[in-house]
Amino acid sequence: MVVAPKSEIENSGKYSQALFASILDIQYALNNVVIKTNPGLAQAVAAGIDALHDSDLLGSVAGDDCIILVSKSEEASVRIIDKIKSIANK
């Protein structure tokens, strides 16, 4: 029996959509993306974003209700936001 890696399980289907639905606002300034979430969910959302293994993303820092993503460039920030919005259906 083949078992999918944990990141694929955590980032699949309804789980991803439910998790990413907790995003309240997403904006960027140059190569920084700031994501506001419902209280207590920022770390879970950041873990989901990290599990995407996006080559544009250099790293993330999450608090209680806010995440800061550092991307490779301003253009990369836009691509990251588009990807997150497509997963969250926003």
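Residues numbered from 1 in each chain as written. Predicted model: local features only at pLDDT ≥ 70, side-chain atom pairs only at ≥ 80, totals over all residues. Heavy atoms only, no water.

(A) Up close: helix α3 (residues 42-50). Among the residues of α3, those classed as buried are Ala 42, Val 45, Ala 46, Gly 48 and Ile 49. Buried residues of α3 fall within an arc of 160 degrees about the axis and therefore sit on the same side. (Buried < 20%, exposed > 50% of the residue type's maximum accessible area, 1.4 Å probe, protein only. Helix = DSSP H or I, 4+ residues; strand = E, 2+ residues; numbered from the N terminus. Arc of directions from axis to C-beta.)

(B) Spatial organisation of a nonpolar patch on the surface. A surface patch of nonpolar side chains, about 410 Å² in accessible area, is lined by Val 34, Leu 58, Val 61, Ile 68 and Val 70. Among the secondary structure elements, those contributing two or more residues to the nonpolar patch are β3 (57-62) and β4 (66-71). Relative to the assigned elements, Val 34 resides in strand β2 (residues 32-37). (Patch = residues over 30% accessible without salt bridge, like charges linked within 9 Å, V, L, I, M, F, W, Y side chains within 5 Å. Areas by Shrake-Rupley, 256 points an atom, 1.4 Å probe, with all protein chains shown as cover. Salt bridge = Lys/Arg side-chain N within 4 Å of Asp/Glu carboxyl O.)

(C) The arrangement of the environment of Asp 65 in detail. As for its placement among the helices and strands, Asp 65 is situated in the loop between β3 and β4. Residue Asp 65 is classed as partly exposed on the basis of its relative accessible area of 29%.

(D) Highlighting the pairing of β2. The alternating pattern of β2 places Val 33, Ile 35 and Thr 37 on a buried face, while none of Asn 32, Val 34 and Lys 36, on the opposite face, is buried. The pairing of strand β1 (residues 23-29) with β2 spans six bridges and is antiparallel. Of the residues in β2, the one forming a bridge with Ile 26 is Ile 35. Pairing geometry for β2 and β4, over five bridges, is antiparallel. Residue Ile 35 lies in a different strand from β4, and its bridge partner there is Ile 67. (Pairing = 2+ DSSP bridges.)

(E) Geometry of the side chain of Asp 56. Residue placement: Asp 56 occurs in the loop between α3 and β3. Setting aside chain neighbours within four positions, we find Asp 56 in contact with Val 70, Ser 71, Lys 72, Ala 76, Arg 79 and Ile 80. (Contact = heavy atoms within 4.5 Å.)

(F) Seen up close, the nonpolar core. Core analysis: the biggest nonpolar cluster contains 17 residues, and Ile 23, Ile 26, Ile 35, Ile 49, Ile 67, Leu 69 and Ile 84 have the highest contact counts within it. Sorting the residues of this core by element identifies α2 (13-20), β1, β2, α3, β4 and α4 (74-88) as the ones contributing at least two each. Leave out the neighbours within four places in its chain, and Ile 35 touches Ile 23, Asp 25, Ile 26, Ile 49, Asp 65, Cys 66, Ile 67, Leu 69 and Ile 84. (Core = buried A, V, L, I, M, F, W, Y, C linked by side-chain atoms within 4.5 Å.)

(G) Local environment of the pattern of salt bridges. Scanning the entire structure with this criterion turns up three salt bridges. Between Asp 56 and Arg 79 there is a salt bridge; the shortest N-O distance is 2.8 Å. Here the residue Asp 56 occupies a position in the loop between α3 and β3, and Arg 79 occupies one in helix α4, the gap between them amounting to 23 residues. Overall, the relative accessible area of 13% leaves Asp 56 in the buried class.

Geometric values such as these leave the question of function open.
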